[in-house]
Amino acid sequence: MSLLTPKIFPSLPDISQLSTEHAVLETEDLNVFYQGRPVLENISLRIPKRRITALIGPSGCGKSTLLRCFNRMNDLNDDCRMEGAVRLLGQDIYRPEQDVVALRRQVGMVFQRPNPFPKSVYDNVVYGLRLLGINDRRLLDEAAERALRAAALWHEVKDRLKENAFRLSNGQQQRLTIARAIAIEPEVLLLDEPTSALDPITTLTIEELMSSLKNQFTLVLVTHNMQQAARVSDYTAFLHQGRLVEYTATDRLFTSPAQRKTEEYITGRLR
Ligand SMILES: Nc1ncnc2c1ncn2[C@@H]1O[C@H](COP(=O)(O)OP(=O)(O)O)[C@@H](O)[C@H]1O
Ligand SMILES: [Mg+2]
């Protein structure tokens, strides 16, 4: 091996060898159609526990659609039809008896634009807990502090808990929506381009935050920013025109991709 060969193939386990028991989420032969048109074809993948998995690929390749399959957000769209299986901790989440509210409690979601509720910082963070019927002030206070600390926001807002969330900066609002999502301790956090509306410095704050969260949660991150995927994720899945082209350890995908399409994409020759 030449000295110039980058250090690759880190100690992360080969994702193709990940057993069903170690997968938090799993899709099997997943097909999704919008008005009969296929937008995801035969996607089979396993998302490892307490890691960050990035979904990358050109705009329109199906990243958001795939992410929404993980908490049944596509159910809200009558034009959308799905075939195949999606499992959370081994259970098919599309089985008839699945409680969708309970599912979304386990699989939280953060969107591109920060979307705090028009309430105080505190009321935003404890929103989900109150929906769960928790009203004990001490429990709520503790949970709020824990979630805000985990979201790297506590020091900035601990004296502003009663202020309206809209008065926070954009980056603070995005961390607040992350705090709100993790306050109810989901199994998985889905993030759909969570930094694309933010400036570069704020983006780094959120990236550091994501890295710290993987000690507690499984993260699935959609990003069109390849540098971001390379910086924060452990595994990367590259999608192109609704198909899963390559899914492997992030270092490997970016330094020695197995597929020519992946190489074309990461070198900017594929749109
Ligand atoms: N609600 C919808 N109705 C019909 N087509 C949609 C809808 N949402 C997305 N699509 C189409 O599905 C494909 C995948 O979209 P999407 O998952 O949003 O891609 P990405 O997130 O990778 O940009 C695109 O062709 C898009 O136009
Ligand atoms: Mg998208």
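The preceding data block contains the structure.
Residues numbered from 1 in each chain as written. Chains lettered and ligands numbered in written order. Predicted model: local features only at pLDDT ≥ 70, side-chain atom pairs only at ≥ 80, totals over all residues.

Asks: What is the right way to read the overall build of the protein from this model?
Replies: Check the secondary structure of the protein and you find 11 helices and 10 strands. On C-alpha atoms alone, the protein measures out to a radius of gyration of 19 Å, which is about the 18 Å that the 2.2 N^0.38 rule sets for 271 residues. Seen through its C-alpha atoms, the protein measures out along the principal axes to roughly 55 × 50 × 35 Å. The 271 residues of the protein split such that 41% are buried. Contacts in the protein between residues at least 24 apart in sequence constitute 69% of all its contacts with a sequence separation of at least 6. (Helix = DSSP H or I, 4+ residues; strand = E, 2+ residues; numbered from the N terminus. Rg over C-alpha atoms; globule rule 2.2 N^0.38 Å. Buried ≥ 20, exposed ≤ 12 C-beta atoms within 10 Å, placed from the backbone. Contact = placed C-beta atoms within 7 Å.)

Asks: Honestly, the sheet that holds strand β4 (residues 80-88) in this entry has me stumped. Any pointers?
Replies: In any sheet, the strands associate via hydrogen bonds between backbone groups, in a parallel or an antiparallel arrangement. With antiparallel pairing, four strands are arranged side by side in an open sheet as β2-β1-β4-β5. Taken across any chain shown, the strands that pair with only one partner, and hence form the sheet edges, are β2 (37-48) and β5 (91-92). Two elements, strand β1 (residues 23-34) and β4, share eight bridges in a ladder whose sense is antiparallel. Note that in β4 the partner of Thr27 across the bridge is Val86. (Pairing = 2+ DSSP bridges.)

Asks: What should I look at first to understand the nonpolar core in this one?
Replies: Generally speaking, a soluble globular protein has its nonpolar side chains buried in company with each other. Core analysis: the biggest nonpolar cluster contains 72 residues, and Ala147, Ala179, Ile182 and Leu189 have the highest contact counts within it. With six residues, the top contributor of residues to this core is helix α7 (residues 170-183). Beyond its immediate stretch of four places on either side in the chain, Ala147 contacts Val125, Ala179, Ile182 and Ala183. (Core = buried A, V, L, I, M, F, W, Y, C linked by C-beta atoms within 7 Å.)

Asks: For this particular structure, what's the right way to read the pairing of β2?
Replies: In the sheet, β1 pairs with β2 via eight bridges, with the strands oriented antiparallel. Each residue of the ladder has a partner; that of Phe33, found in β2, is Pro38. Where β1 folds back onto β2 in an antiparallel hairpin, the turn is made up of two residues, including Gln35, whose phi is positive at roughly 45°.

Asks: How should the sheet that holds strand β3 (residues 52-56) be read in this particular structure?
Replies: Spatially, β6-β7-β8-β3-β9-β10 is the arrangement adopted by the six strands of the open sheet, whose pairing is mixed. The open sheet has two edge strands, β6 (107-110) and β10 (243-249), and neither has a second partner. Mean inter-strand twist for the sheet, computed between neighbouring axes without regard to direction, equals 20°. α7 rests against β6 and β7 (188-192) of the sheet, and its axis sits at about 175° to β6. (Axes fitted to C-alpha atoms, helices over the stretch in contact; angles between N-to-C directions.)

Asks: Can you walk me through the environment of Asp79 in this structure?
Replies: Inspection of the secondary structure puts Asp79 in the loop between α1 (63-69) and β4. Between the C-alpha atoms of Asp79 and Arg37, which are 42 residues apart in sequence, the distance is 9.8 Å. If sequence neighbours within four positions are ignored, Asp79 has contacts with Tyr34 and Gln35.

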